[in-house]
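Chain residues, written in single-letter form:
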Amino acid sequence: MAIAELERPAGTAADWTVPQNWSRYTAVEHATWDRLFARQARMLPGRVVPEFLAGLDILRLSRPGIPDFAELSERLMAATGWRVVAVPGLIPDEIFFDHLANRRFVAGNFIRAPEQLDYLREPDVFHDIFGHVPLLADPVFADYMEAYGRGGRRAAGLGAIEKLARLYWYTVEFGLIRAGDDLRIYGAGIVSSFGESTFALDDPSPHRLGFDLKRLMRTKYRIDDYQQSYFVIDSFHDLLRQTLETDFTPLYEEVGREPAIEVETILPGDKVYTRGTQAHARGPSHRAGPVSGEGRGSDL
């Protein structure tokens, strides 16, 4: 659905927020959260950045059941000045960017059905809260997300949302980070996915390439399966620095004059951590899930 066709659902505020209605969650829905949380909590130590695990503790996300956004926001505000607001699903790009620029993270107030544990196209409360919110308790990553929101508002005025969306996809959703001689995961689309938490680091199929802002913004991405390429940042500090120091207007113009890069491509100038076999992408097609188009706007 194109952005112009999105209509604000009845009962939604002007900024597209809705009440979480925490009391309406059923025992089955809380149990689904607990099941998803338990298997990711077992999987992630040693694989995810320590800032993510610290965020789980700071925000007390290990408590049973779907978190109450009001209580979660109190703890998050105390840590970095962010809060969580509920939305019904996809929202327009400009609304999404405005929330981020004002340190409000939008999260779906619904959770997947038990039979959807391993694949969900639209991001639900588990992807949004477990996947994204722990890193918002880290001051540097929290600043990056605010900067992205401010940049998104500028990109909308320049007709460059598609290019900026690739930055979000390959960092916030599916980013890897260097940890000495090893790699760790931090992207929400990975940390909230049981299968991709292993695939992103261990499988021989995907490329793992050094972060380059211009290259990344030219690179297509998969929304229906595991990623064919992951980009590796040096640190959250460096990611924030590049975001704040880059003049994106001429960068958008430069990227717009060059062709998009296919997801399986390795360029001569790429820093290659792993040259993948691409065997997964060439094998029988299947959905890997949970996959999130993320951003909330349909172009993201």
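Residues numbered from 1 in each chain as written. Predicted model: local features only at pLDDT ≥ 70, side-chain atom pairs only at ≥ 80, totals over all residues. Heavy atoms only, no water.

Caption draft 1: Just the overall build of the protein, in detail. On a plain count of helices and strands, the protein comes out with 13 helices and seven strands. The C-alpha atoms of the protein give a radius of gyration of 18 Å, which matches the 19 Å a tight globule of 300 residues would have. Counting only C-alpha atoms, the protein reaches 55 × 40 × 35 Å along its principal axes. For the protein, the share of sequence-separated contacts (at least 6 apart) that also reach a separation of at least 24 residues comes to 72%. Approximately 12600 Å² of the protein is accessible, and the part contributed by carbon and sulfur atoms is 50%. (Helix = DSSP H or I, 4+ residues; strand = E, 2+ residues; numbered from the N terminus. Rg over C-alpha atoms; globule rule 2.2 N^0.38 Å. Contact = heavy atoms within 4.5 Å. Areas by Shrake-Rupley, 256 points an atom, 1.4 Å probe, with all protein chains shown as cover.)

Caption draft 2: Fine view of the side chain of Asp 138. For Asp 138, the location among the structural elements is in the loop between helix H5 (125-132) and helix H6 (139-158). Despite its burial, Asp 138 pairs with no opposite charge; the closest candidate is Arg 103, at 9.9 Å N-O. Separated by 3.0 Å, the side chain of Asp 138 and the backbone nitrogen of Phe 141 make a polar contact. Among residues more than four places away in sequence, those in contact with Asp 138 are Glu 51, Thr 80 and Phe 236. (Buried < 20%, exposed > 50% of the residue type's maximum accessible area, 1.4 Å probe, protein only. Lys, Arg positive; Asp, Glu negative; His and termini not counted. Salt bridge = Lys/Arg side-chain N within 4 Å of Asp/Glu carboxyl O. Polar contact = N/O pair within 3.5 Å; in protein donor to acceptor, adjacent residues only side chain to side chain.)

Caption draft 3: Focus on the confidence of the model for the protein. Looking at the protein, pLDDT values average 91 and 93% of them are 70 or higher. Note on residues 287-300: pLDDT is under 50 here. Beyond four places in sequence and across chains, it has 77 contacts. (pLDDT = per-residue confidence, 0-100.)

Caption draft 4: Expanded view of the packing of H6 against helix H11 (residues 236-245). One can describe the packing of H6 onto H11 by two numbers: an axis separation of 9 Å at closest approach and a directional angle of 25 degrees. One element, H6, and the other, H11, form an angle in the roughly parallel class. The handedness of the crossing between H6 and H11 comes out as left-handed. Contacts between H6 and H11 pair Val 140, Phe 141, Asp 143, Tyr 144, Ala 147 and Arg 150 from the former with Phe 236, His 237, Leu 239, Leu 240, Thr 243 and Leu 244 from the latter. In terms of residue class, the contact of H6 with H11 is made up of eight nonpolar, two polar and two charged. (Axes fitted to C-alpha atoms, helices over the stretch in contact; angles between N-to-C directions. Parallel < 35°, antiparallel > 145°, perpendicular 65-115°, else oblique. Left-handed = near helix turned anticlockwise from the far one by under 90°. Nonpolar A, V, L, I, M, F, W, Y, C, P; charged D, E, K, R; others polar.)

Caption draft 5: Spotlight on the packing of aromatic side chains. As enumerated under the stated definition, the model contains 19 aromatic pairs in all. Residues Tyr 148 and Tyr 168 carry aromatic rings whose centres are separated by 5.1 Å and whose planes lie at 55 degrees to one another, so their mutual orientation is tilted. Highlighted residues: Tyr 148 in helix H6 and Tyr 168 in helix H7 (residues 161-173), separated in sequence by 20 residues. Among the residues examined, Tyr 148 registers a relative accessible area of 2% and is labelled buried. Taking the relative accessible area as the measure of exposure, Tyr 168 reaches 2% and is therefore buried. An aromatic cluster is built from Trp 33, Phe 37, Phe 52, Phe 126 and Phe 130, whose rings are joined through pairwise contacts. (Phe/Tyr/Trp six-rings, centres within 6.5 Å; stacked < 30°, edge-to-face > 60°.)

Caption draft 6: Broad picture of the packing of helix H4 (residues 93-101) against H6. Across the interface, H4 lies against H6 with an axial gap of 7 Å and an inter-helix angle of 145 degrees. In terms of crossing hand, the pair formed by H4 and H6 is left-handed. The residues of H6 that touch H4, namely those facing Phe 97, Asp 98, Leu 100 and Ala 101, are Met 145, Glu 146, Tyr 148, Gly 149, Arg 150, Gly 152 and Arg 153.

Caption draft 7: Structural view of unusual backbone geometry. At Asn 21, a position not held by glycine, the phi torsion is positive, near 55 degrees. Mapped onto the secondary structure, Asn 21 falls in the segment before helix H1 (27-43).

Caption draft 8: Quick peek at helix H12 (residues 248-256). Taken as a whole, H12 has its buried residues at Phe 248, Leu 251, Tyr 252 and Val 255. Seen along its axis, H12 keeps its buried residues to an arc of 100 degrees; they face one direction. Each element contacted by the buried residues of H12 is listed here: H6, H7, helix H10 (213-217) and H11. Where H12 begins, the side chain of Asp 247 points an oxygen toward the backbone nitrogen of Thr 249, at a separation of 3.2 Å. (Arc of directions from axis to C-beta.)

Caption draft 9: Broad picture of the sheet that holds strand E3 (residues 176-179). An order of E4-E3-E6-E5-E7 is seen for the five strands of this open sheet, with the pairing classed as mixed. Of all the strands in the sheet, just strand E4 (182-185) and strand E7 (272-274) have a single pairing partner and so form its edges. When the angles between neighbouring strand axes are averaged without regard to direction, this sheet yields 35 degrees. Pairing of strand E5 (residues 207-210) with E7 involves two bridges; the strand directions are antiparallel. Each residue of the ladder has a partner; that of Arg 208, found in E7, is Thr 274. Lying on the sheet, helix H9 (residues 194-202) is in contact with E3, E4, E5 and strand E6 (229-233); it crosses E4 at an angle near 155 degrees. (Pairing = 2+ DSSP bridges.)

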